[in-house]
Amino acid sequence: MTHIGTRSSLALTRRQRRLRASPAIRALVQETRLAPDMFVLPLFVCEGEGVRREVPSMPGVFNLSVDEAVREASAAKADGIKAVLLFGLPDHKDEVGSSAYDPQAPVQSAVRALKRETPDVLVITDVCLCEYTDHGHCGILVGDQIANDPTVEQLVRAAVSHAAAGADIVAPSDMMDGRVGAIRRELDERGFENTAIMSYAAKYCSAFYGPFRDAAASAPKFGDRRSHQMDPANAREALREVEQDLEEGADIVMVKPAVPYLDVIRRVKDAFGHPTAAYHVSGEYAMLKAAARNGWIDERRAMLETLTAIRRAGADIIITYYAREAARALA
Ligand code: PBG
């Protein structure tokens, strides 16, 4: 019979396992922590009343009318969530996306209702045209091309209307050039100098937005978004995008999606040190949900591991459909 010695036989100067020996010591040396107040919960606001329609590819995510969005934000607040990001699903869409700056449209109405009912919940609004154009593109088309500068004019109108409704932060997600500076100038001009800008600075042309386009009915009717969103192969270019948005006045910069771009999050944080957000997008969420529903992964652990990784990579702010579930898991 082999004798297993209990006396140490290796003269190790450092045993890494000592610091993993108990829950208490593991907690003492834990480098990365999650807290509900770093999460932002996206909400999809539609027309009507009493509407709460689940998005098929995103279990647990709903199209909500304004009254239901207010209920969702209060419930999220009870879970410890302090910020929401609003997307609009207007009934009316046209060539130039005019509902994007209609003061009576879902987003503007929701901002007013949220600021009235849950004033301490931070309200961030997505600024883009893709949910508002009948062709589903992020901007004004000239032929089959998205014209940058006319699109920026429309985005500025949208951002101003969100600020006028009371949004705390506007978040341009369109990837047109010069939109951050143009929005900043117009906000200041109109007395909204305290409205912050969170720019989707490094937004990649990603397959992981698929479920979102179901949720927001914003898939382009032809073509794709390669003429403005970034090539997944490029990281140095992300630094140039971020640098330019910061120069134009962005307060917070975002990398999107999150997990496939952890290296980009790290480089952006290290290079600029500005508040950095990461968007754990619809497809990233849907993959975890689908695997969990099949019993293939432990959802709670996979969720927390994923969010921890995003945080560890350098994100200060995590935008995620898991916000409420994660907050509850951390409680
Ligand atoms: C554009 C926008 C998109 C997302 C956020 N803002 C979609 C797109 O660029 O096609 C994606 C978010 C997600 O997938 O969760 N308004």
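Located above this text is the structure these notes cover.
So, here is what we can say about the structure in this document.

Conventions adopted
Residues numbered from 1 in each chain as written. Predicted model: local features only at pLDDT ≥ 70, side-chain atom pairs only at ≥ 80, totals over all residues. Heavy atoms only, no water. Near = heavy atom within 4 Å. Polar contact = N/O pair within 3.5 Å; in protein donor to acceptor, adjacent residues only side chain to side chain. Areas by Shrake-Rupley, 256 points an atom, 1.4 Å probe, with all protein chains shown as cover. Nonpolar A, V, L, I, M, F, W, Y, C, P; charged D, E, K, R; others polar. Axes fitted to C-alpha atoms, helices over the stretch in contact; angles between N-to-C directions. Helix = DSSP H or I, 4+ residues; strand = E, 2+ residues; numbered from the N terminus. Parallel < 35°, antiparallel > 145°, perpendicular 65-115°, else oblique. Left-handed = near helix turned anticlockwise from the far one by under 90°. Contact = heavy atoms within 4.5 Å.

## Describing the site of the ligand
Around the ligand sit 19 residues, and of these Lys203, Arg213, Lys256, Ser282 and Tyr321 come closest. Taking Lys203, its side chain carries an N or O atom lying 2.7 Å from an oxygen atom of the ligand. Contact distances for the ligand include 2.6 Å between an oxygen atom and a side-chain N or O atom of Arg213. Alone, the ligand offers 410 Å² of accessible surface; in the complex the protein occludes 100% of this. Broken down by class, the residue content of the shell around the ligand amounts to 10 nonpolar, three polar and six charged.

## Observations regarding the packing of helix α2 (residues 66-79) against helix α3 (residues 106-117)
Axis separation between α2 and α3 bottoms out at 9 Å; the angle between their running directions is 45 degrees. By the criterion of interaxial angle, the relationship of α2 to α3 is oblique. For the pair α2 and α3, the sense of crossing is right-handed. From α2, Val66, Ala69, Val70 and Ala73 reach across to α3, where they touch Pro106, Ser109, Ala110, Ala113, Leu114 and Glu117. Across the contact of α2 with α3, the residue classes tally to eight nonpolar, one polar and one charged.

## A word on unusual backbone geometry
Cis geometry is adopted by the peptide bond preceding Pro257, which originates at Lys256 and carries an omega value of -10 degrees. When you line up the elements, Pro257 lands in the loop between β10 (252-256) and α8 (262-272). Look at Met175: it is not a glycine, yet its phi comes out positive at around 70 degrees. Here Ala217, not a glycine, exhibits a phi torsion of approximately 45 degrees, which is positive. Locating Ala217 in the fold gives a position in the loop between α6 (210-215) and α7 (236-247).

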